Amino acid sequence: MKKKVLCGLLTAAMVTGLCACGSGDGSGGGAGGGAKGSYDQVTYAYATFNNIPTEEDLDTVEEAINEITREKINVEVTLKPIFIGDFSSNVSLALQAGEKIDVFESIGDFNNCVSTGMAADITELIDTCAPETKELIGEEWLQACVSNGKLYGIPTYKPIALTPMIIYRQDIADELGIDMSAVNSVEDVTAVFEKVKEEKPEMTPLAPVEAGNLGLNRTYGTVDFLADDYNTPVGVLLGDDMTVVDFYSSDIFRDRCELARSWYNSGLSMKDAATTTSMAAELMSSGNYFAYIAAYSYPEADTAASLQAQNGNLPTGAKMLGDAYISTIDVNALVWMVASNSDVPEAALRFLNLTYTDPDVCNLLIYGVKDRDYVLSEDGYASYPEGQDAATVPYTAQLSCGTLGNFFIMYPTVGTNKDSLEWELEQNRTAETSPAMGFTFDASALKTQYTAVKNVINQYLPGLMCGSVDPETEIPKFVSALNDAGYQDILAAKQEQLDKWIAENK
């Protein structure tokens, strides 16, 4: 299973009439094309969780893609894979230095990309250069990529309805006779953890999903974070109420902190979860932990199969702890953008269109060259060639499958169920959606307050959410420090912008 885990404006003169974006004939007659045999040059920067291939191995994938794009859209593509941990900073620095990048993705930083002038306004361009993608994504999702009335990107088309789950050691649950089907909420897991602790005192029941995070922030339910990161929310909406509220004074936040504190005091969670540098996968592979809590957009069985394959085949189970809830940041967490300084914005958008609509292009980006980097079974499942894996094949970006273009036209991997794709599409269509879907918050006038508030959050939140401090005494200090840092200014600005958005979208 696949892991699941800007913006200067184009002038009207640049946008109007730039492209007649049909299929090119390879003769150089497409938009921006020169003489016969010349092609628009597009550099495509994308994040990879896998190894960066050698230039020679990457060239082979590029050429296979260009055999398609020369004929279809009169474009030649240069691939620029960047390790996920360096992606955002590298792209920002490259664009500031004038390095050629025409297409890139924003990874959880859509608003920052817009406010810092890195991406082009594609409001008009999308109708002529990517009409198929526009229809595929739909107006509601595209609205999540709009700022001040202008469209700045296209969200990845993938399962986005994230469902909170506990990921656990199936073999331990079986050995201890734990019925995980009876676990339906985060409160239910306490009894499971107590059983594990009693029977296997050498094992810690709960590992953090990452430093300072036990995964409880994925179990809040119907909370819209209004463009803030899940890990550091500021002003939020609770349920259907369109009043922006202080999240850290809410009952749901206090409840989760008290739950974390009870686990900490009972030895049910990792003691140094607030400061550890280890991630869930590493901790689980050590064999010393029973479970962790995260959120996934795939069925339980597929999620478990995927994580088991990634974690040394350690027997793994997954159980949902609640329902999915979709808000704007779920849609615009991964957005593809055309660089504001691109010299071929129309060609860049034509190529981006193919990543959403052309299975051959999409699968080359993810899996590489067939029979060299992957093999395909008769029934259409991809796997690594015999004796090879992700670390040894010349090229793979398989772990980036949920971030590139259209997930639903990629080959499924061996061990997954094709029927799950329909389940995932149905989740996207039917999961409860925030009443503020499409609202994006412009924080550009509040940079000072945001910096100060985020510093306070980073000081207090890890300890509270990992249980290492007492919420009874620390939450009041936390809220007071937030207010001193300008917290109320942010809440007021969010409410003002939200009220305006509501009036404009009645």
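Just so you know, these numbers come straight off a predicted model, no measurement behind them.

A. Representation of the sheet that holds strand E11 (residues 245–246) within the structure. Read across the sheet, 3 strands follow the order E9-E10-E11 without closing on themselves; strand pairing throughout is antiparallel. Bordering the open sheet on either side are strand E9 (223–224) and E11, each of which pairs with just one other strand. Note: E9 against strand E10 (residues 235–238), 2 bridges, orientation antiparallel. Within E10, the position partnered with valine 223 by the bridge is leucine 238.

B. Summary view of the sheet that holds strand E12 (residues 289–296). Here 4 strands make up an open sheet; going across it, the order is E8-E12-E7-E13 and the pairing mixed. Either end of the sheet is taken by a strand with one partner, and the two such strands are strand E8 (204–206) and strand E13 (316–320). Taken pair by pair, the neighbouring strands of this sheet meet at an average axis angle of 20°, ignoring direction. Note: E8 against E12, 2 bridges, orientation parallel. Looking across to E12, one finds that threonine 204 is bridged to tyrosine 289.

C. Local environment of the packing of helix H2 (residues 55–73) against helix H14 (residues 345–357). Interaxial distance between H2 and H14 falls to 11 Å at its minimum, and their mutual angle equals 120°. Taken as a pair, H2 and H14 cross one another with a handedness that is right-handed. Here H2 contributes Ile65, Thr69, Lys72 and Ile73 to the contact with H14, which in turn contributes Arg350, Phe351 and Leu354. In terms of residue class, the contact of H2 with H14 is built from 4 nonpolar, 1 polar and 2 charged.

D. Representation of the pattern of salt bridges within the structure. Across all of its chains, the model carries 22 salt bridges by this definition. One salt bridge connects arginine 70 with glutamate 76, and the closest N-O pair in it is separated by 2.8 Å. Both residues of the pair, arginine 70 and glutamate 76, count as buried. Taking the shortest distance from any N to any O, the salt bridge between aspartate 343 and lysine 100 comes out at 2.9 Å. Note that aspartate 343 is positioned in the loop between strand E15 (334–338) and H14 and lysine 100 in the loop between helix H3 (87–96) and strand E3 (103–107), a separation of 243 residues in sequence. Its relative accessible area of 34% is what places lysine 100 among the partly exposed residues. When salt bridges with common partners are traced through the structure, they connect Asp57, Arg372 and Asp373 into a single cluster.

E. Local environment of the side chain of threonine 69. Considering the arrangement of structural elements, one finds threonine 69 in helix H2. Judged by its relative accessible area of 0%, threonine 69 is buried. Discounting residues that sit within four places of it in the chain, threonine 69 has contacts with Asn74, Val75, Glu76, Val77, Phe351 and Leu354.

F. View of H3. Of all the residues in H3, the buried ones are Phe87, Val91, Ser92, Ala94 and Leu95. Considered in projection along H3, the buried side chains sweep an arc of 165° and stay on one side of the axis. Within H3, the exposed residues directed more than 90 degrees away from the buried face are Leu93 and Gln96. Its buried side turned inward, H3 meets strand E1 (40–48), strand E2 (75–83) and E3. Just downstream of H3 lies glycine 98, where phi reads positive at about 80°.

G. Structural context of the nonpolar core. Counting 160 residues, the largest nonpolar core has Tyr44, Phe104, Phe253 and Trp263 as its most contacted members. No other element matches the 9 residues that helix H17 (residues 447–466) contributes to this core. In contact with phenylalanine 253, not counting residues within four places along its chain, are Tyr220, Phe247, Tyr248, Leu461, Leu464, Met465, Ile475 and Phe478.

H. The arrangement of the state of the cysteines in detail. All chains considered together, the criterion is met by 0 disulfides. Cysteine 362 supplies the cysteine sulfur nearest to cysteine 401, a cysteine that is in no disulfide, at a spacing of 9.6 Å. The exposure class of cysteine 401 is buried, given its relative accessible area of 0%.

I. Spatial organisation of the packing of helix H10 (residues 251–265) against H17. H17 packs onto H10 with a crossing angle of 60° between their chain directions and a minimal axis gap of 6 Å. Taken together, H10 and H17 sit at an angle that is classed as oblique. Mapping the contact onto sequence places Phe253, Arg256, Cys257, Ala260 and Tyr264 in H10 and Leu461, Leu464, Met465 and Cys466 in H17. Here the residues of the contact of H10 with H17 are counted per class, giving 8 nonpolar, no polar and 1 charged.

J. Here's a closer look at a negative patch on the surface. Together, Asp240, Asp241, Asp323 and Glu432 give the surface a local cluster of negative charge. Examined against the element boundaries, aspartate 323 turns out to sit in the loop between E13 and strand E14 (325–326).

K. The packing of aromatic side chains, seen in detail. In the structure shown here, the tally under the stated rule is 24 aromatic pairs. When the ring of tyrosine 248 is compared with that of phenylalanine 478, the centres are 4.7 Å apart and the planes differ by 50°; the resulting orientation is tilted. Taken together, the positions of tyrosine 248 in the loop between E11 and H10 and phenylalanine 478 in helix H18 (residues 471–484) put the pair 230 residues apart, joining distant regions of the chain. Across this residue pair, the class does not change: tyrosine 248 and phenylalanine 478 are buried. Seen from their ring centres, tyrosine 298 and phenylalanine 407 are 5.7 Å apart, and the 55° between their planes marks the pair as tilted. Of this pair, tyrosine 298 sits in the loop between E12 and helix H12 (300–310) while phenylalanine 407 sits in the loop between strand E17 (382–383) and helix H16 (419–430), and the two are 109 residues apart along the sequence. On the accessibility criterion, phenylalanine 407 (2% relative accessible area) is buried. Ring-pair connections join several aromatic residues into one group, and the members of that group are Tyr220, Phe225, Phe247, Tyr248, Phe253, Tyr460, Phe478 and Tyr487. Against the face of tyrosine 264 rests lysine 271, its NZ or CZ located 3.9 Å from the ring centre. Over the face of the ring belonging to tyrosine 381 we find lysine 418, whose NZ or CZ atom lies 5.0 Å from the ring centre.

Analysis parameters
Residues numbered from 1 in each chain as written. Predicted model: local features only at pLDDT ≥ 70, side-chain atom pairs only at ≥ 80, totals over all residues. Heavy atoms only, no water. Pairing = 2+ DSSP bridges. Helix = DSSP H or I, 4+ residues; strand = E, 2+ residues; numbered from the N terminus. Axes fitted to C-alpha atoms, helices over the stretch in contact; angles between N-to-C directions. Left-handed = near helix turned anticlockwise from the far one by under 90°. Contact = heavy atoms within 4.5 Å. Nonpolar A, V, L, I, M, F, W, Y, C, P; charged D, E, K, R; others polar. Salt bridge = Lys/Arg side-chain N within 4 Å of Asp/Glu carboxyl O. Buried < 20%, exposed > 50% of the residue type's maximum accessible area, 1.4 Å probe, protein only. Arc of directions from axis to C-beta. Core = buried A, V, L, I, M, F, W, Y, C linked by side-chain atoms within 4.5 Å. Disulfide = S-S within 2.5 Å. Parallel < 35°, antiparallel > 145°, perpendicular 65-115°, else oblique. Patch = residues over 30% accessible without salt bridge, like charges linked within 9 Å, V, L, I, M, F, W, Y side chains within 5 Å. Areas by Shrake-Rupley, 256 points an atom, 1.4 Å probe, with all protein chains shown as cover. Lys, Arg positive; Asp, Glu negative; His and termini not counted. Charge placed at Lys NZ, Arg CZ, Asp CG, Glu CD. Phe/Tyr/Trp six-rings, centres within 6.5 Å; stacked < 30°, edge-to-face > 60°. Lys NZ or Arg CZ within 6 Å of the ring centre and 35° of its normal.

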